Amino acid sequence: MTDDFPPLRAVRLDDDAGDALPPPPLPPEESAPKRKRGRDPRKKRRGGFRLPWVVSFLLSVIFVGGTVAAIGGWVAYLHYSEGLPDYYQLASYDPPVVSRVYAGDGRLLAEYAVENRVFVPITAIPKRVINAFLSAEDKSFYTHPGIDVPSMLKAAWVNLLNYGRDRRPIGASTITQQVTKNFLLSNEVSYGRKVKEAILALRIEKAFSKDRILELYLNQIYLGSGNYGVAAASINYFNKSLNELTIGEAAYLASLPKAPNNYNIKRNHEAALDRRNWVIDRMLENGAVTAEEATAAKAEPLDQRDRAETERVTADYFAEEVRRELAQRFGEDALYKKGLSVRSTVNPELQADADNALRKGLVSYDRTRGYRGPLQHIELTDTWKDELAKLPPMPWLYQWQAAIVLAADKEAAKIGLKDGSEASIPLAELTWARKQMPDFSRGPQIKSAEDVLKPGDIVAVEPVEKDKDDKAYPANTYALRQVPEVSGAFVAMDPHTGRVLAMSGGWNYQQSEFNRATQAMRQPGSSFKPIVYLAALESGFTPSTVILDAPMVIDQGPGLPPWRPENFKQEYFGPATLRVGLENSRNLMTIRVAQTIGMAKVAEMAGRLGVMDNMQQTLAMSIGAGETTVLRMVSAYSMIVNGGKKIEPTFIDRVQDGQGWTIYRHDQRKCDGCAGIPYDGQPPPQLPDERPQVLDPMVAYQMVSLMEGVVRRGTGSAVSKVGKPLAGKTGTTNDGRDVWFVGFSPDLAAGLYLGFDQPRTLGEKATGGTIPAPIFRDFMLAALKDKPATPFRVPPGIRLVRVNYKTGQRVQPGDEGRIIWEAFRPGTEPNGMPMQIVEGDNSYSQDAGYGSVIPLDSQVQQQATDSLPQDTGTSILDMPAQAPQVTWQQPTYAPGEGSNPADYHPTNVAPPGVGVAPPAGAAPSSEIITQPPADGAVAPNQVGQIGSAPPPLPSTVDGLQNQPMTSTPAPGGELSREDLVRPLDPNLGGPQPAPVPAAQQPAPTAPSDSSQGLY
């Protein structure tokens, strides 16, 4: 069996092994076969074996590495996916959006936001802007899945090369990744944040469309200078909307996301220009623009344009009041983040008129108090230009500018301006600047410029062209100016709606944010007196009620000294009518009225009109010793002129949310059936007047007529220069600490006060008629310059009677002095009987709640009123024969009226007019007579003669049922409308009644005990 098996032999396992056994020798009988020439097959086998081994090794490494990487990536994915924010919140994207407040004319007033952003949908963003941002930030945005892998690898390689060089790692964020970072992550520079960013970007791309992602990006991105989103940046950089941007401007906006502060137009203009041009080149490469468009875009100058002043309204105090109300009503979060659109009530023209009038008045008064010195003083050197340039902004100088005094001599002072030029201040512009002394008096008169200015003084100056004599100054002539130390506030309001049309809370908001119109509690002084007289008129007084004007002493109670109130000039009229007392602002007459009716009624009236809440019931309050604000006083006066309707002051008409829904409206009247009706030129619907009635319209009109007399003849006569129907009241507090004027036209109410923030006297001659009244006049001159002379509206039922201004009685033959038309409620007209004098009583303390003297018999008055016909027209009594050519009606007489057969009564027939009474004894009739009495026909007992001109009707008579009246013929020609509204004052002109020779009627005399109540 052994012969069947080949002999055993050794096999070489390793060619390189040194200890391998040699091959066994061949048997002698068997020779080795001959081999062919060629390569050793064993070598061939060895070479073919080595190559697969290397490949296998590499494949194994790749496989193992890939497996490890996959496992590591999965672990990292799981790790970084934990706690990622919910990206579905982007579906309800509600970014912080700027809230805007607009003026009444639609111009921008103010903006409030934590981020200055205006959201714009992607469909409204021009392609030019979109292409600029895609070219600069992510040219493959519409093709990648959320991350750009090639860009990421490139960024990784650059970061590897920069490793250890203290350089900020660069990223390769797509727009989707930037949305992820801006909305969901932080700005942390780390690989962990990049991983999270990539994960979220992939998820967002699957959940939202590309357009939605781009919309989020373009509205969220920060573009420098407080601008978020392309719309806000477009407005604030170039004063343009997005569709107005040029290619160059769009490219500049697209250059900002990388580093907005590094490419600021003003600070780094060259860098900003280079970056913009780089974006234009990218747009050209991507085919977004043509070569010609790119060349033209690069040639565009890169200039930042601020928003035009004509597009903004400056009313800082008003805007702050709006902001406070919005924050209180809707909360800070809604105000600063929800994009509210607010339509305010401010009228820009009236606001400018109010600001100018108040500032002019403050400066005018401040000049009378002397010069308090320069803004500051520096050492004068050759580098004065640099010193001026270093001065901080001073917005409270307005159109003035800061200058440095270079030299001063007897004739003028030489000054240097910020632009490096030089100018002069002549002595004539320095004479007012007498030094203010420690006791606030003024120093000696100015005789040279050296008395006022010293080299190195920094002063406020204003260019002037002419001197006080209207002679032209040389070029570069300036006047010295001074920021007033005194302050004040001004409010203008629509009296029918309560809409605040203008408000100025001081000299300058940047200088002092304290709003003196709404926050300063000041004593109103005599401007409070109409409140007292309103309460008196409601209690039975009439404008003709006689009140004693004489010294008085009031016992204030045990342990307190007696109170001795005085009139301003310490002069006394004796018995005088209520009208005279109000027109001349008599303190003692007002106190007697308040004492008579009781302070409880005065306090109730003050609360009803919103002047003061829970007013202390002491007699001193009747002459304005309480405290209130300008806004409250103007609001109260508005309710007087509007016929007694309740109003609430408002600064806001309407508020809309970010979606355009109205969430607040001041006017709450409902317009049923108005929705869905197309406008085709038809008149607006008549909405119901739902305002509460807080005053009897006739009582309110009586007060209007009384305060019109204040302007015509009384302490507010400075306002009469406006030449249009105006009414108001002055106010001056003790020692002249506060001075007021509050007044109105038929459709505009306004008021102001002046005083120091730390109250002290304004001077011995400071009164409401000398300081604030001219400011009110200047405002009304500007506000009413293009408005017709609208008369005050007379309510139905009022009786207008010709009375003697001094006595308040009906005009009698032979009466001398001024004759006026007086307004009475039915049954309260003077009847010729002597009137009891309101004297007051010293036996009642200041807080007396009831009166000591009743001016009228209330029962008789009530009976007379009840017996009157309840017609709704206005009566004009004691009308002369020369009656207006209007329709008239025979009235039904009330008791006591038959003695005056020429009394006139109204009618409600169209057109409304004035009626002429028939002769005495005629039977009442309702027949409407369409013709007036024949020429020359004079009713019995008619006052006056045919040839005499009647006294002009007051301007209020023009307002009978809001219809203008016809002029009354007069000897020598017709009366003009100006005659009808002109005061009946020989010193002011106007037609005067011809003297009538007749028997003198005895004037009413005071009772023998007229000294009652006096010490």
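Residues numbered from 1 in each chain as written. Predicted model: local features only at pLDDT ≥ 70, side-chain atom pairs only at ≥ 80, totals over all residues. Heavy atoms only, no water.

For the protein, the helix and strand inventory stands at 23 helices and 27 strands. Counting over 1015 residues, the protein shows a buried share of 48%. Contacts in the protein between residues far apart in sequence, at least 24 positions, make up 71% of those at least 6 positions apart. Approximately 50,800 Å² of the protein is accessible, and the part contributed by carbon and sulfur atoms is 53%. (Helix = DSSP H or I, 4+ residues; strand = E, 2+ residues; numbered from the N terminus. Buried < 20%, exposed > 50% of the residue type's maximum accessible area, 1.4 Å probe, protein only. Contact = heavy atoms within 4.5 Å. Areas by Shrake-Rupley, 256 points an atom, 1.4 Å probe, with all protein chains shown as cover.)

Before going further, it helps to examine the packing of aromatic side chains. Across all of its chains, the model carries 17 aromatic pairs by this definition. Ring plane angle 50° and centroid distance 6.4 Å describe the contact between Tyr237 and Phe238, whose orientation is recorded as tilted. Accessibility assignment for this pair places Tyr237 and Phe238 in one class, buried. Put simply, the rings of Tyr237, Phe238 and Tyr252 pair up and form one aromatic cluster. Seen from the ring of Phe440, Arg760 lies directly overhead, with NZ or CZ sitting 3.8 Å from the centre. When the ring centre of Tyr805 is taken as origin, the NZ or CZ atom of Arg818, which lies over that ring, is 4.9 Å away. (Phe/Tyr/Trp six-rings, centres within 6.5 Å; stacked < 30°, edge-to-face > 60°. Lys NZ or Arg CZ within 6 Å of the ring centre and 35° of its normal.)

The next point concerns a nonpolar patch on the surface. On the surface, Val55, Leu59 and Ile62 cluster together into a nonpolar patch covering about 290 Å² of accessible area. Judged by its relative accessible area of 59%, Ile62 is exposed. (Patch = residues over 30% accessible without salt bridge, like charges linked within 9 Å, V, L, I, M, F, W, Y side chains within 5 Å. Salt bridge = Lys/Arg side-chain N within 4 Å of Asp/Glu carboxyl O.)

Moving on: the pairing of strand β10 (residues 457-463). In terms of burial, β10 is a largely internal element, six of the seven residues being buried. In the sheet, β10 pairs with strand β11 (residues 478-481) via four bridges, with the strands oriented antiparallel. By the bridge assignment, Val461 is partnered in β11 with Leu480. (Pairing = 2+ DSSP bridges.)

Once that is clear, we can look at the pairing of strand β21 (residues 799-804). β21 sits mainly inside the fold: six of its six residues count as buried. Burial along β21 is two-sided: the face carrying Arg799, Val801 and Val803 and the face carrying Leu800, Arg802 and Asn804 are both buried.

What follows deals with the sheet that holds strand β2 (residues 108-112). Spatial strand order, β2-β1-β5-β16-β17: five strands in an open sheet with mixed pairing. In the strand order of this sheet, the two ends are held by β2 and β17 (662-665), each with one partner. For this sheet the average axis-to-axis angle between neighbouring strands, irrespective of direction, equals 15°. Pairing between strand β5 (residues 341-344) and strand β16 (residues 652-656): four bridges, direction antiparallel. Along β16, the bridge assignment pairs Ser341 with Gln656. (Axes fitted to C-alpha atoms, helices over the stretch in contact; angles between N-to-C directions.)

Turning next to the confidence of the model for the protein. When the pLDDT values of the protein are averaged, the result is 79; 72% of them are 70 or greater. Here residues 13-20 is a poorly scored stretch, pLDDT under 50, and it has three contacts once near neighbours within four places are set aside; other chains count. Here residues 879-1015 is a poorly scored stretch, pLDDT under 50, and it has 250 contacts once near neighbours within four places are set aside; other chains count. (pLDDT = per-residue confidence, 0-100.)

This part covers the sheet that holds strand β12 (residues 487-493). Taken in spatial order, the five strands of this open sheet run β13-β12-β20-β19-β18, and their pairing is antiparallel. Because the sheet does not close on itself, it has two edges, and the strands there are β13 (500-504) and β18 (727-732). Neighbour to neighbour, the strand axes of the sheet diverge by 5° on average, direction disregarded. Relative to β13, β12 runs antiparallel, the two being bridged by four bridges.

What follows is about the environment of Gly104. Position of Gly104 relative to the elements: it lies in the loop between β1 (99-102) and β2. Residue classification places Gly104 among the partly exposed residues on the basis of a relative accessible area of 37%. Counting along the chain gives 548 residues from Gly104 to Ile652, while the straight-line C-alpha distance between them is 9.5 Å.

It is worth spelling out the packing of helix α2 (residues 127-137) against helix α8 (residues 247-255) at this point. Interaxial distance between α2 and α8 falls to 8 Å at its minimum, and their mutual angle equals 45°. Taken as axis vectors, α2 and α8 run oblique relative to one another. Here the hand of the crossing between α2 and α8 comes out right-handed. From α2, Arg128, Val129, Ala132, Phe133, Ala136 and Glu137 reach across to α8, where they touch Ile247, Ala250, Ala251, Leu253 and Ala254. For the contact of α2 with α8, the class distribution of residues is nine nonpolar, no polar and two charged. (Parallel < 35°, antiparallel > 145°, perpendicular 65-115°, else oblique. Left-handed = near helix turned anticlockwise from the far one by under 90°. Nonpolar A, V, L, I, M, F, W, Y, C, P; charged D, E, K, R; others polar.)

Mapped onto the elements, Tyr805 comes out in the loop between β21 and β22 (819-824). As a C-alpha pair, Tyr805 and Val580 span 225 residues in sequence and 8.1 Å in three-dimensional space. Ignoring anything within four residues of it in the chain, the contact list for Tyr805 reads Thr577, Arg579, Val580, Glu583, Asn584, Arg713, Arg818 and Ile820.

So, on to the pattern of salt bridges. All chains considered together, the criterion is met by 40 salt bridges. In this structure, Glu320 and Arg323 form a salt bridge, with 3.0 Å as the shortest nitrogen-oxygen distance. With Glu320 and Arg323 both in helix α11 (residues 316-330), this residue pair falls three residues apart, about one helical turn. Arg586 serves as the salt-bridge partner of Asp549, at 3.0 Å between the closest nitrogen and oxygen. With Asp549 in strand β14 (residues 546-549) and Arg586 in the loop between α16 (578-583) and α17 (587-597), this pair connects stretches of sequence that are 37 residues apart.

For the rest of this paragraph, the subject is the packing of α8 against helix α9 (residues 269-285). Put simply, α8 and α9 touch, their axes get as near as 8 Å, and they point 105° apart. One finds that α8 runs roughly perpendicular with respect to α9. Side by side, α8 and α9 meet where Ile247, Gly248, Ala251, Tyr252, Ala254 and Ser255 of the first sit next to Ala272, Arg275, Arg276, Val279, Ile280 and Met283 of the second. Residue composition of the contact of α8 with α9, grouped by class: eight nonpolar, two polar and two charged.

Spacing of three or four residues puts side chains on the same side of an α-helix, whose turn is 3.6 residues. Across its 17 residues, helix α20 (residues 697-713) extends 24 Å between first and last C-alpha, which sits within 8% of the 24 Å expected from 1.5 Å per residue. Most of α20 is tucked away, with 16 of its 17 residues classed as buried. The N-capping residue of α20, defined by a side-chain oxygen 2.8 Å from the backbone nitrogen of Met698, is Asp696. (Expected span 1.5 Å × (residues − 1). Polar contact = N/O pair within 3.5 Å; in protein donor to acceptor, adjacent residues only side chain to side chain.)

On to unusual backbone geometry. Glycine aside, the phi torsion of most residues is negative, and most peptide linkages are trans. At Ser225, a position not held by glycine, the phi torsion is positive, near 55°. By the element assignment, Ser225 lies in the loop between α6 (210-220) and β4 (227-228). One non-glycine residue, Tyr398, adopts positive backbone phi at about 55°. As for its placement among the helices and strands, Tyr398 is situated in the loop between α14 (384-389) and β7 (401-408). Look at Tyr398 and you get partly exposed, because its relative accessible area is 29%.

By the element assignment, Gly226 lies in the loop between α6 and β4. Classification of Gly226 as partly exposed rests on a relative accessible area of 31%. C-alpha of Gly226 to C-alpha of Ala113: the two residues are 113 residues apart in sequence and 9.9 Å apart in space.

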